[in-house]
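The primary structure of each chain is shown beneath.
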Amino acid sequence: MTHQPDHDTNAEEFAAHIGTETTFFRDLVEHALDGFLTLDPDGTIVFSNRAAERLFGWFDDGLVGQSILKLFPERHREAYFDSFYRRVGDGTREVDREYVERVGLHADGSELSLAFSFFEYEYDGQQLFTAIIRDITERKQRERELENTKEKYKKLVETAPDAIFIADAETGTIEDVNQAAVSLTGKSRGELCELHLSELHPSEQANQYTENFQELVKRGSVPGDSTGVIRHDMNHHIAHDDGSRLPVEVSSGITELDGKTVIQGIFRDISKRQEREEELRQERDLTERILETSPIAVGVFTPDRQLVRANEQVEEILGLSVDQLTSLSTLDEVFTLYDTENRPIDPSDGLIAEVIDTGNPIYDYEALLERPDGERYWISLHAAPLRSLDDELEYIVLIGEDISERKERESAIEEHRDRLETLNRINRLIREINQTLVRTTTRDEIEASVCERLAASDLYQDVFIGEQSLPSGGIEPRTSANVDSDYIARLSRTDSAETSTGGAAEALRTQELQLITSVESDPRFPDSLRDEALARGFCSVLCIPLVYGETTYGVLVVPASRSDAFSEREQAVFEELGETIGYAIHAAESKKLLHTDSHYELTFDLTETSAFFITASADLQCSITLEDLVPSTNKELLYYITLENAPVDSFLELARRQPIVKKARCISTESEASLLEIVFVGASTSPQVLIERGARIKHAEVVDGRGAFVAEAPADADIRTLTDAVQSVHPNARLTMKQEVKRSVQPLRRQHARLRSQLTDRQQASLTAAYNAGFFEWPRESTGEEVADSLGVSAPTFHQHLRASERKLLAVFFGKAKAMESNRS
């Protein structure tokens, strides 16, 4: 607890007495540089001189009568006063010349570092204490700075990356080390501080290190030598505690430490540096060997891209001698590099710049090199930095290889891969179109769906189907997709002389694909359409004839934005597509007769022709009646005829001599009449060409070399086209009658049309052939194998088609029976 002294008249009495003292005493105390304070036992100030007043900032005797506690900060008062009372209250303790240091408080609130010296004496029967006070703030500051400096020095030494040893200059005994020294040697501080400096090194080098120590001591005493530092250039090693030897760089010096001369040795582990030096040496040796022996081009460049060394292979790639190349400030003066997108590479962003920026080697940097002579080579570059001992980039080694052939192979492989991918996409597209064709029932739907699906893909552009107009022979568009009206109108207005000699017309004439590889230069592309086609991005055009048998239904024109859009494989796929579309159109046209209320009946007289049935009937003086026609595979037709008044063997012998007859056999014979089956191959018969154009043979009969047949054709059929088709086979054939027939739709006929619409062509052919060949008779007149052989299919395939058609026929029959039963109920 702090004791506060009572204020009484002692201070005034003492001051009065002091005032009567001699001038000498007054001057001595009043003008002293140190502060004087006289205290009573309670700590009350009874006297102060001017120095004390200046020290604490109290003037005009302001200190007298104050407790000495006023001169200390609040936080120290209790401790300081307790200490004062212990000194005063301890009668056995000598207080004179008692020295203490305290923190004082200035009147302005600032703090001071003070030194107090106490003197105790008795005056007029009263115990008093005089304190001589000195401001030691500056000294304490210097002490703190010195302490901080020592602490920093100690910390710097302790944390220095190099090992530091402090040894006695006279004896060489180690007195102190830092942590790096402990790590370097593998010994503890205690172990190191018992050694001589020379014992840090291998024993066989002890004499040399002793001489170094003596030289250092001698040099440290040379007058005028302010450094006293020696850097030892010899190969030094430290003996590690595990027995290994570490290379070190040593710097030694003489200095004063705490009034004592010591040797300071700084040891730097240079094992990594030596490893780096060895690596650099090996890198340079390797570079030299590569330059001398490498079969590929090697060049050494400065960071500013100047070539300083190169081997002969560089000359082969760059086309200039090494002397010419090294005389250039940079190779960028005469050579240009292009990236894989054929864009010039800025040297500031190039390979050397990247090595400089990253400091790392770079491999497989591919670029297209253009030489001064204009030739270009694909090269693969590998770049590696060569650094100096101070880790500065000194050179860059470039290894280059001509990879033009490899790039060509890769390009070919990539192109092949792209073509395969494109072909796969085309095949998928064709499959989609084929699936669409199955669901379409009219020619217009077929053509529209084909054009729309092709134009909707990103493989092709504007697509249209055209036909040849008569009599000019030019191309008229029928159906289109993604083609604007202006282009269609321009195509329609184009001079027919141009389109009649173009690729589309040629495809119609030859029934073969026509490829226009360059819209810009191919003369088969109409000149009047060329500019607009180029503006629309057309590069190439494929013209695909839509063919069934010998009939061409039009031409599919497919432009593309790629000059190489149609490979041989793509053309083969489109050729198959053209045949598929032709077949679909044929099937749609053929079914018109089943669903129309009116049609044409056309009678053709073949008497003056060389048709087989005409000539055979004349030779054998017989009659031949056509019972049915069944389209088979591979443009084959099965004729079922009744032969009367002629030997069957003689007729079959005549038939088998005909090139267009593939097979001929007798199915059954009754009295003077025989049922025969004859398979005609190719498109050399008039029924075949009519069937291909959507007509069908209703009746045919030949008697003694005179004969005719009646064909049914849809009401919208082009009679001229059908006539031309028949006369293309038999020029002397004559159209003798054309009449339009209207018929009412009877329930039975409606059911018949319903069944026919459900049967596929193969199913209908199998069912019809089986019926006509007597397969359903008992005993059978033809086996399944015989009917299958006539149709050109395997027996399992024939039976599969036959069962399917029978199932559909029965479904129609029983469906009708159920309806009739329902009506009766």
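Predicted, not measured: the structure shown is a model, and the values here were computed from it. (Residues numbered from 1 in each chain as written. Predicted model: local features only at pLDDT ≥ 70, side-chain atom pairs only at ≥ 80, totals over all residues. Heavy atoms only, no water.)

### Comments concerning the overall build of the protein
Condition: The helix count covers DSSP runs of H or I at least four residues long, the strand count covers runs of E at least two residues long, and both are numbered beginning at the N terminus. In this scheme, a residue with accessible area under 20% of its type's maximum is buried, one over 50% is exposed, and one in between is partly exposed, where area comes from a 1.4 Å probe on protein chains only. In this analysis, two residues are considered to be in contact whenever any of their non-hydrogen atoms come within 4.5 Å of each other. Areas reported here follow the Shrake-Rupley algorithm with a probe of radius 1.4 Å; residue values treat only the protein chains shown as occluding.
The helix and strand tally for the protein stands at 28 helices and 29 strands. Out of the 825 residues belonging to the protein, those deemed buried represent 44%. For the protein, the proportion of contacts with a sequence separation of at least 24, taken over those separated by at least 6, is 56%. Summed over its atoms, the accessible surface of the protein is roughly 44300 Å², and 49% of this surface lies on carbon and sulfur atoms.

### Some thoughts on the layout of surface pockets
The following threshold applies: Each cavity reported here is a set of points on a 1 Å grid over the protein atoms alone in which a 1.4 Å probe fits but cannot get out, each pocket an open set with protein on both sides within 12 Å along at least five of seven lines, and each lining residue one with an atom within 4 Å of a point. Grid points are joined across faces, edges and corners, and a volume is the space filled by probe spheres set on the points. Polar here means any residue outside two lists: the nonpolar Ala, Val, Leu, Ile, Met, Phe, Trp, Tyr, Cys and Pro, and the charged Asp, Glu, Lys and Arg; Gly therefore counts as polar.
Its boundaries defined by the atoms lining it, the second largest pocket holds a volume of some 1000 Å³. If you trace the second largest pocket, you find 29 residues lining it, with Thr551, Thr552, Tyr553, Arg693 and Thr721 closest to the centre. For the lining of the second largest pocket, the secondary-structure elements that each account for two or more residues are helix H14 (443-456), strand E17 (463-468), helix H17 (503-510), strand E21 (551-560) and helix H24 (719-729). Considering every element that reaches the lining of the second largest pocket, the biggest residue donor is H24, with five residues. Among the residues making up the lining of the second largest pocket, the classes are represented as eight nonpolar, nine polar and twelve charged.

### A closer look at helix H21 (residues 612-620)
Of the residues making up H21, those classed as buried are Phe612, Phe613, Ile614, Ala616 and Ser617. Each element contacted by the buried residues of H21 is listed here: strand E23 (623-631), strand E24 (636-644), helix H22 (648-656), strand E26 (673-681), strand E27 (696-703) and strand E28 (706-714).

### Quick notes on the environment of Thr287
In this structure, Thr287 sits in helix H9 (residues 271-293). Judged by relative accessible area, Thr287 falls into the buried class, the value being 8%. Residues Thr287 and Val397 lie 110 residues apart in sequence; the distance between their C-alpha atoms is 7.8 Å. If sequence neighbours within four positions are ignored, Thr287 has contacts with Val300, Leu386 and Val397.

### With respect to helix H18 (residues 527-535)
Basically, it comes down to this: By construction, the arc corresponds to the directions joining the helix axis to the C-beta atoms.
Burial in H18 covers these residues: Leu529, Arg530 and Ala533. Down the axis of H18, the buried set is contained in an arc of 120 degrees. They therefore lie on one face. Residues of H18 that are exposed and point more than 90 degrees away from the buried face comprise Asp531 and Ala535. After H18 finishes, the residue Gly537 shows a positive phi value of roughly 90 degrees.

### Some points on the nonpolar core
Condition: Among buried residues, those of type Ala, Val, Leu, Ile, Met, Phe, Trp, Tyr and Cys that are joined through side-chain atoms within 4.5 Å constitute a nonpolar core.
The biggest cluster of nonpolar side chains holds 40 residues, and the ones touching the most others in it are Phe613, Tyr639, Ile641, Phe651, Ile678, Leu690 and Phe709. Not counting the four nearest positions on each side in its chain, Phe651 is found in contact with Phe612, Phe613, Ala616, Leu620, Ile624, Ile641, Leu643, Leu676 and Ile678. With 35 residues, the next largest nonpolar core counts Leu423, Ala481, Phe574 and Leu577 among its residues.

### Focus: the pairing of E23
Applied cut-off: For two strands to be treated as a pair, DSSP must find at least two bridges joining them.
Inspection of the sheet shows E23 paired to E24 by eight bridges, in the antiparallel sense. Its bridge partner lying in E24, Ile624 is registered against Leu643.

### Some words on a negative patch on the surface
The line we're drawing: Put simply, a patch holds well-exposed residues, over 30% relative accessible area, that have no salt bridge, with like charges counted together within 9 Å and Val, Leu, Ile, Met, Phe, Trp or Tyr side chains within 5 Å. Criterion for a salt bridge: a side-chain nitrogen of Lys or Arg within 4 Å of a carboxyl oxygen of Asp or Glu. Charge counting treats Lys and Arg as positive and Asp and Glu as negative, with His and both chain ends excluded. A charged residue contributes its charge at one atom only: NZ of Lys, CZ of Arg, CG of Asp or CD of Glu.
Taken together, Asp346, Asp349, Glu354 and Asp357 make up a surface patch of like negative charges. With respect to the helices, strands and loops of the structure, Asp346 is situated in the loop between strand E13 (336-338) and helix H12 (351-358). By relative accessible area, which is 41% here, Asp346 ends up partly exposed.

### Considering empty space enclosed by the protein
Evaluation of the coordinates by the stated rule reveals four cavities of 30 Å³ or more. In this structure, the largest cavity spans a volume of roughly 220 Å³. Lining the largest cavity are 20 residues, with Phe464, Ala504, Phe525, Pro526 and Val557 sitting closest to its centre. Mapped onto the lining of the largest cavity, the elements with two or more residues apiece are helix H15 (485-493), H17, strand E20 (540-548) and E21. Along the lines of polarity and charge, the residues of the lining of the largest cavity split into 15 nonpolar, three polar and two charged.

### Some words on the sheet that holds E26
Rule in force here: To obtain an axis, a line is fitted to C-alpha atoms, over the contacting stretch when the element is a helix, and the angle between two such axes runs from 0 to 180 degrees between their N-to-C directions.
As summarised here, the arrangement of the eight strands in space is E25-E26-E24-E23-E27-E28-E22-E29, forming an open sheet in which the pairing is antiparallel. Lying at the two open borders of the sheet, with one neighbouring strand each, are strand E25 (661-670) and strand E29 (734-742). Taking the axes of each pair of neighbouring strands and ignoring which way they run, one obtains an average angle of 20 degrees across the sheet. On the sheet, H21 packs against E23, E24, E26, E27 and E28 and is oriented at approximately 20 degrees with respect to E27. Docked against the sheet, helix H27 (residues 784-791) engages E23, E24, E25 and E26, running at close to 145 degrees with respect to E25.

### Section: the side chain of Asp339
Here is the rule we go by: By the criterion applied in these results, polar contacts are pairs of N or O atoms within 3.5 Å in which, for protein atoms, one can donate a hydrogen and the other can accept it, and in which residues neighboring in sequence qualify only through two side-chain atoms.
Mapping Asp339 onto the fold places it in the loop between E13 and H12. For Asp339, the side chain forms a polar contact with the main-chain nitrogen of Glu341, separated by 2.9 Å. What Asp339 contacts, discounting residues up to four positions off in sequence, is Ile345 and Trp378.

### Focus: the pattern of salt bridges
All told, the structure shown has 39 salt bridges when counted by the stated rule. Across the salt bridge formed by Asp522 and Arg524, the nearest N and O atoms sit 3.2 Å from each other.

### Focus on the sheet that holds strand E15 (residues 376-387)
Strand pairing in a sheet relies on backbone hydrogen bonds. The paired strands run either parallel or antiparallel. A sheet is described by the order of its strands in space; here six strands give the open sequence E12-E11-E16-E15-E14-E13, paired in antiparallel fashion. For this open sheet the edge positions go to strand E12 (307-310) and E13, each flanked by a neighbour on one side alone. Each adjacent strand pair in this sheet contributes to an overall mean axis angle of 35 degrees, direction not counted. The pairing of E13 with strand E14 (residues 362-370) spans three bridges and is antiparallel. By the bridge assignment for E14, Tyr338 is matched with Leu368. H12 rests against strand E11 (297-301), E14, E15 and strand E16 (393-402) of the sheet, and its axis sits at about 140 degrees to E16.

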